[in-house]
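Survey of secondary and tertiary structure
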Amino acid sequence: MLDDWQVGVLRGVALDAALYDVARLRMAVFRDWPYLYHGDMGYERRYLASYRDNPHAVLVGAFAAGRLIGAATGMPLTEHDAAFGAAIAAAGHDPASVFYCAESVLLPEWRGRGIGHRFFDLREAAARDQGFRLVAFCAVIRPDDHPLKPADYRPLDGFWRKRGYAPLDGAMAPFAWTDIDQAGDTEKPMQIWMRAL
């Protein structure tokens, strides 16, 4: 039943046990627009190890009938990608004061049920517990005329704004990955969104 789900912070053995499923979930969800990510399990394992090995990081899991249906991550910005910290510093904020919400991935059939809000609630709580005063994330910018953009695509801007986030003026950072229709990595512009806690 689609109303029977649980969301919680994963720690220790539970976190370690979920990493492979989180990697598969990231590759499946990010394959869709607007990320178009051609997943690589080797990269995923290296990337997700940073959440297993970092005591300041948080990994939130959503489960239904014992199956992982969604996940969200976060960690102090200074312990994540340097390009995002540089973009935030250039916009006038101290990267050391920012908790970075790296991703939220949720299978399509489970969207619209409040799970995304729980993802943000728990990551923002982790940020507050660690003394952060700002929370940020980034979203890829794609051209409106991109040939792979679905006609019925609805951006998440309204959801993010309801949570109190707004694009940080002038804060764009490059990030590279391989698109599903490309042979190798290409850089994409990522818009930083931020809110005060």
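Refer to the structure presented above.
Residues numbered from 1 in each chain as written. Predicted model: local features only at pLDDT ≥ 70, side-chain atom pairs only at ≥ 80, totals over all residues. Heavy atoms only, no water.

Overview of helix α3 (residues 82-90)
Of the positions making up α3, those classed as buried are Phe 84, Gly 85, Ala 87 and Ile 88. Projected onto a plane normal to the axis of α3, the buried residues spread over an arc of 160 degrees and lie on a single side. In α3, the exposed positions angled more than 90 degrees off the buried face are occupied by Ala 82 and Ala 90. Buried positions along α3 lie against β4 (98-106), β5 (134-140), β6 (166-178) and β7 (185-196). Two or three places before Ala 83, at the opening of α3, Asp 81 has a side-chain oxygen 2.9 Å from that residue's backbone nitrogen. Once α3 finishes, Gly 92 follows within two positions and takes phi at roughly 95 degrees, a positive value. (Buried < 20%, exposed > 50% of the residue type's maximum accessible area, 1.4 Å probe, protein only. Helix = DSSP H or I, 4+ residues; strand = E, 2+ residues; numbered from the N terminus. Arc of directions from axis to C-beta. Contact = heavy atoms within 4.5 Å. Polar contact = N/O pair within 3.5 Å; in protein donor to acceptor, adjacent residues only side chain to side chain.)

What to know about the packing of helix α1 (residues 12-29) against helix α2 (residues 41-53)
Direction vectors running N to C along α1 and α2 enclose 135 degrees, while the axes themselves pass 9 Å from each other. As judged from the angle between their axes, α1 and α2 are oblique. Like other packed secondary-structure pairs, α1 and α2 cross with a definite hand, here right-handed. Here Leu 15, Asp 16, Leu 19, Tyr 20, Val 22, Ala 23, Arg 24, Arg 26 and Met 27 of α1 come into contact with α2, specifically with Met 41, Tyr 43, Glu 44, Arg 45, Tyr 47, Leu 48, Tyr 51 and Arg 52. Tallied by class, residues from the contact of α1 with α2 come to eleven nonpolar, no polar and six charged. (Axes fitted to C-alpha atoms, helices over the stretch in contact; angles between N-to-C directions. Parallel < 35°, antiparallel > 145°, perpendicular 65-115°, else oblique. Left-handed = near helix turned anticlockwise from the far one by under 90°. Nonpolar A, V, L, I, M, F, W, Y, C, P; charged D, E, K, R; others polar.)

Some words on the sheet that holds strand β2 (residues 58-64)
With respect to topology, seven strands assemble into an open sheet ordered β1-β2-β3-β4-β5-β7-β6, the strand pairing being mixed. The open sheet terminates on both sides in strands that have one partner only, identified here as β1 (6-10) and β6. Direction aside, the axes of adjacent strands within the sheet are offset by 30 degrees on average. Sheet analysis places β2 next to strand β3 (residues 67-76), joined by seven bridges and oriented antiparallel. Its bridge partner lying in β3, Phe 63 is registered against Leu 68. (Pairing = 2+ DSSP bridges.)

Looking at the pattern of salt bridges
Evaluated as defined, the whole model comprises twelve salt bridges. With a shortest N-O distance of 3.8 Å, Arg 118 and Asp 121 are connected by a salt bridge. Of this pair, Arg 118 and Asp 121 both sit in helix α4 (residues 115-129), three residues apart, which is roughly one turn of the helix. Of the residues examined, Arg 118 reaches a relative accessible area of 31% and is grouped as partly exposed. (Salt bridge = Lys/Arg side-chain N within 4 Å of Asp/Glu carboxyl O.)

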